[in-house]
Amino acid sequence: MSAFLSGAGVLLAALASAAAILLPPSRSRSALMALALLLFPVLILGDQWHTHQIVDLRESTGRLAALLAVGAVAVIALAAVFRRWPLLLPLAIVAALPFRVPLHSGGESANLLVPLYLVIAGGVLTAAVRDWRSPLPSPGRRHGPVLWLPRLLAAFVVLYALQALYSDDFSKALQNTCFFLVPFTVAYALLADVEWDRRLLSSTLVLIAGEALLFVLIGSVEYVGRSLFWNDAVIRSNEFHTYFRVNSVFWDPNIYGRYLALVLVVVTTALLWVRDRRPFWLLAGTILVLWVGLAETFSQSSFIALLGGLAVLAALRWSWRWTAAAVVVGAAGAILVVLFAGGYKVRLNIDTSGRADLVSGGLALWTERPLEGYGSGSFQQAYRDHREHEKAPVTISHTEPVTVLAEQGLVGLAVYLGLIVAALWTMGAGMWARAPGRDPTVFDAARAAVLATFVALLLHTLAYAGFFEDPITWVLLAIGVSLAAARAGSTGEDSAPAPVRTAA
């Protein structure tokens, strides 16, 4: 009965959050978003009820009551602020993306996106109050990728929940659904109500650049002092390497590098489209500092992601033909170096800390269950159970397509690839045609930044996974759809009106 209730709860939470991104602003949508968020902690508590962390909390009723009270007050306060200043909701979501809070209980710790969860809950409460009084106007009919992208997102969330029911690791699938898919889907729904005007876009640029500079300052302090603030695994790793990797406020140097690479793409976009001299030099200085911070991570996947994002910008700003030629030549050169370096397969596996074995092992898992896979969240457990002869330093998949294949089979891969195609189509629609005599606008720059950043993120997930588990993915998708809908409304395409502002 417990397993049945847990499975039903996961499916209900997924259905509620998926419906939230398909429905227009209304009381029904607000109720579904609230239901999804309420099921989030209930399902986690039910799944982890007998673990040391939850037992410790259950025995410390005073601390548990204090945490709940602080959380409730924070959500109500945030809702009041968002009600008074709607512009702060999208900015708060963007600002909270990097921050994980270490929660200690039962002798163990978990790093959770608590600030982001609180902001999302505050946004849902704001939307509920607004929709109860006077819902926002319903957007008009949409066509093409602007319509299909949210549908595919909703389909993926529901499919993930369905495939969790037969997963080799149901608990992991439940946690992924509750900690990532449900709140991020709700965040997408909230951001879909926002009109990304010049003021908000400029504020977002300043915000993410300022945060990134702060993170680089913290990382540089770590680098100079040769001491990290947290993550014992990275601390031990640094003791055995000739180089020293930093993670700043992030748990993982590669995730820190990913964040800096994505911000670098956004700031570089602003540099390429800016017209005034003073902002140009400010942006150039910011890029220089961020480059230093990225170098301190020694994250190869982050540099590859950055190069991919910059290639998209070069294609948009100048010539896609010359950019494509340069990319082909560079890729061919890299392949030749690997092939003629000698012992390339062994060397590749060593350089990637055993991830080459993870790719081959993950593909082998897929061949055993090609259609349905081993179930959502099952990669690590299935790899250990069915690929025991493959000795790898890590057993967590670092390649998103392989993860999808092994866990969700061809069914999941079809939805995953369809989502990527729809996202690229949505973000890139109309970007390649240059109207004669028309200067690029701030919205052209914003759309270029979203497209290039999404490509950079996509490339990083090919080497470090975490596509759907990264809230930045969902924020980029939401902004991309909003900007594409605004463009379609302004040009009369797809009969799509501009997105509406989250009004008080």
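This is a predicted model, so every value here is computed, not measured. (Residues numbered from 1 in each chain as written. Predicted model: local features only at pLDDT ≥ 70, side-chain atom pairs only at ≥ 80, totals over all residues. Heavy atoms only, no water.)

Draft legend 1. Quick peek at the overall build of the chain. Across its full length, the chain carries 20 helices and two strands. Taken across its 504 residues, the chain has 48% of its residues classed as buried. Of the roughly 23500 Å² that the chain leaves accessible, carbon and sulfur atoms contribute 68%. (Helix = DSSP H or I, 4+ residues; strand = E, 2+ residues; numbered from the N terminus. Buried < 20%, exposed > 50% of the residue type's maximum accessible area, 1.4 Å probe, protein only. Areas by Shrake-Rupley, 256 points an atom, 1.4 Å probe, with all protein chains shown as cover.)

Draft legend 2. Geometry of the packing of helix H9 (residues 198–225) against helix H11 (residues 253–273). At a minimum axis separation of 10 Å, H9 and H11 run at an interaxial angle of 135 degrees. Accordingly, the angle class assigned to the pair H9 and H11 is oblique. When you trace H9 past H11, the crossing you get is left-handed. Note on element contacts: H11 touches H9 through Tyr256, Tyr259, Leu260, Val263, Val266, Val267 and Ala270, opposite Leu205, Ile208, Ala209, Glu211, Ala212, Phe215, Val216 and Gly219. Class assignment of the residues belonging to the contact of H9 with H11 gives a composition of 13 nonpolar, one polar and one charged. (Axes fitted to C-alpha atoms, helices over the stretch in contact; angles between N-to-C directions. Parallel < 35°, antiparallel > 145°, perpendicular 65-115°, else oblique. Left-handed = near helix turned anticlockwise from the far one by under 90°. Contact = heavy atoms within 4.5 Å. Nonpolar A, V, L, I, M, F, W, Y, C, P; charged D, E, K, R; others polar.)

Draft legend 3. Quick peek at helix H2 (residues 27–47). Here H2 is 21 residues long and its end C-alpha atoms lie 30 Å apart, about the 30 Å a rise of 1.5 Å per residue gives. Residues of H2 that are buried: Arg29, Ser30, Met33, Ala36, Leu37, Leu39, Phe40, Leu43 and Ile44. Residues of H2 that are buried in the fold lie against helix H1 (2–22), helix H6 (114–133) and helix H8 (170–191). (Expected span 1.5 Å × (residues − 1).)

Draft legend 4. Summary view of the side chain of asparagine 176. Tracing the chain through its elements places asparagine 176 in helix H8. Residue asparagine 176 is classed as buried on the basis of its relative accessible area of 7%. Each residue touching asparagine 176, except ones within four places of it in the same chain, is listed here: Tyr160, Leu181 and Gly377.

Draft legend 5. Region of interest: the side chain of glutamate 211. Position of glutamate 211 among the secondary structure elements: in helix H9. Notably, glutamate 211 is buried but unbridged: the nearest opposite-charge side chain belongs to arginine 100, and the N-O separation is 13 Å. Among all residues touching glutamate 211, those that are not within four sequence positions of it are Val94, Ala95, Pro98, Phe99 and Tyr259. (Lys, Arg positive; Asp, Glu negative; His and termini not counted. Salt bridge = Lys/Arg side-chain N within 4 Å of Asp/Glu carboxyl O.)

Draft legend 6. Region of the structure containing a nonpolar patch on the surface. On the surface, a cluster of nonpolar side chains totalling about 420 Å² of accessible area is made up of Leu214, Leu217, Val221 and Phe229. Residue placement: phenylalanine 229 occurs in the loop between H9 and helix H10 (232–239). Classification of phenylalanine 229 by relative accessible area gives exposed; the value is 57%. (Patch = residues over 30% accessible without salt bridge, like charges linked within 9 Å, V, L, I, M, F, W, Y side chains within 5 Å.)

Draft legend 7. Molecular detail of the pattern of salt bridges. All told, the structure shown has four salt bridges when counted by the stated rule. Measuring nitrogen to oxygen at the nearest pair gives 2.9 Å for the salt bridge that ties aspartate 131 to arginine 130. No difference in accessibility class separates aspartate 131 from arginine 130, as the two residues are buried. Notably, a salt bridge pairs arginine 130 with aspartate 193, separated by 3.5 Å at the nearest N-O pair. Highlighted residues: arginine 130 in helix H6 and aspartate 193 in the loop between H8 and H9, separated in sequence by 63 residues. Given a relative accessible area of 3%, aspartate 193 falls into the buried group. Beyond isolated ion pairs, a larger network of salt bridges with shared partners links Arg29, Arg130, Asp131 and Asp193.

Draft legend 8. Here's a closer look at the environment of alanine 311. On the secondary structure map, alanine 311 appears in helix H13 (residues 300–317). Sequence-wise, alanine 311 and valine 455 are 144 residues apart; in three dimensions their C-alpha atoms are separated by 9.6 Å. What alanine 311 contacts, discounting residues up to four positions off in sequence, is Thr323 and Val327.

Draft legend 9. A look at the packing of aromatic side chains. The full count for this structure, using the stated rule, is 18 aromatic pairs. With 4.8 Å between their ring centres and 85 degrees between their planes, phenylalanine 467 and phenylalanine 468 make a pair best called edge-to-face. Accessibility classification places phenylalanine 467 together with phenylalanine 468 in one group, the buried group. The ring of tryptophan 132 is capped by arginine 27, whose NZ or CZ atom sits 4.3 Å from the centre of that ring. Above the plane of the ring of tryptophan 148 lies arginine 151, whose end atom (NZ or CZ) is 5.1 Å from the centre. (Phe/Tyr/Trp six-rings, centres within 6.5 Å; stacked < 30°, edge-to-face > 60°. Lys NZ or Arg CZ within 6 Å of the ring centre and 35° of its normal.)

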